[in-house]
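# Structural description and commentary
So you can see what is in the structure, the chains are spelled out below.
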Amino acid sequence: MMTVLSLLLASLLSCAGQLCQKQATRPAKSGRRGAHITLWLGLALLTLGSGMALWLVVLQRVPVGIAYPMLSLNFVWVTLAAKFIWKEPVNWRHWAGVSLIIVGILVLGGSR
């Protein structure tokens, strides 16, 4: 169970790093563009680094053939963030792809 949680957390940290990078590209509300970029890129480095460290722990416990496809969860997390945080449009084909990714993760996760 701890391995599953570690895998999930590694995926979430990796996704959070990507989302911080996206946020760094958005206009600063306060007008302090440099501080805005520095903050978000710093958070991106922190979350991506933490995710990588946890990923190394996961790889010690799970065969890479099972663990690596689980990173496809990042596509799911990023799609949800794009839709609900930034209100970006997501068409039905994208949702169909996300559904297939989830099915693939369940199939591969059950093969261990």
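Residues numbered from 1 in each chain as written. Predicted model: local features only at pLDDT ≥ 70, side-chain atom pairs only at ≥ 80, totals over all residues. Heavy atoms only, no water.

## Description of the side chain of Gln23
Within the secondary structure, Gln23 is located in helix α1 (residues 2-24). With sequence-adjacent residues up to four places away left out, Gln23 is seen in contact with His36, Trp40 and Trp86. (Helix = DSSP H or I, 4+ residues; strand = E, 2+ residues; numbered from the N terminus. Contact = heavy atoms within 4.5 Å.)

## Focus on the environment of Leu73
Mapped onto the elements, Leu73 comes out in helix α4 (residues 73-84). For the pair formed by Leu73 and Val58, sequence separation is 15 residues and the distance between their alpha carbons is 15 Å. Setting aside residues no more than four positions away along its own chain, Leu73 makes contact with Leu8, Ser11 and Ile105.

## Considerations on the pattern of salt bridges
Side chains carrying opposite charge are able to pair once their charged atoms draw close together. The full count for this structure, using the stated rule, is one salt bridge. With a shortest N-O distance of 3.4 Å, Glu88 and Lys22 are connected by a salt bridge. Of this pair, Glu88 sits in the loop between α4 and α5 (92-109) while Lys22 sits in helix α1, placing them 66 residues apart in sequence. Among the residues examined, Glu88 registers a relative accessible area of 29% and is labelled partly exposed. Judged by its relative accessible area of 32%, Lys22 falls in the partly exposed class. (Salt bridge = Lys/Arg side-chain N within 4 Å of Asp/Glu carboxyl O. Buried < 20%, exposed > 50% of the residue type's maximum accessible area, 1.4 Å probe, protein only.)

## Considering the packing of α1 against helix α2 (residues 33-61)
Packed helix pairs are specified by the crossing angle of their axes together with the interaxial distance, meaning the distance between the axes. In the contact formed by α1 and α2, the axes pass within 7 Å of each other and the chain directions differ by 160°. Looking at the two axes, α1 sits roughly antiparallel to α2. As α1 runs across α2, the sense of the crossing is left-handed. The residue makeup of the contact of α1 with α2, split by class, is 16 nonpolar, eleven polar and two charged. (Axes fitted to C-alpha atoms, helices over the stretch in contact; angles between N-to-C directions. Parallel < 35°, antiparallel > 145°, perpendicular 65-115°, else oblique. Left-handed = near helix turned anticlockwise from the far one by under 90°. Nonpolar A, V, L, I, M, F, W, Y, C, P; charged D, E, K, R; others polar.)

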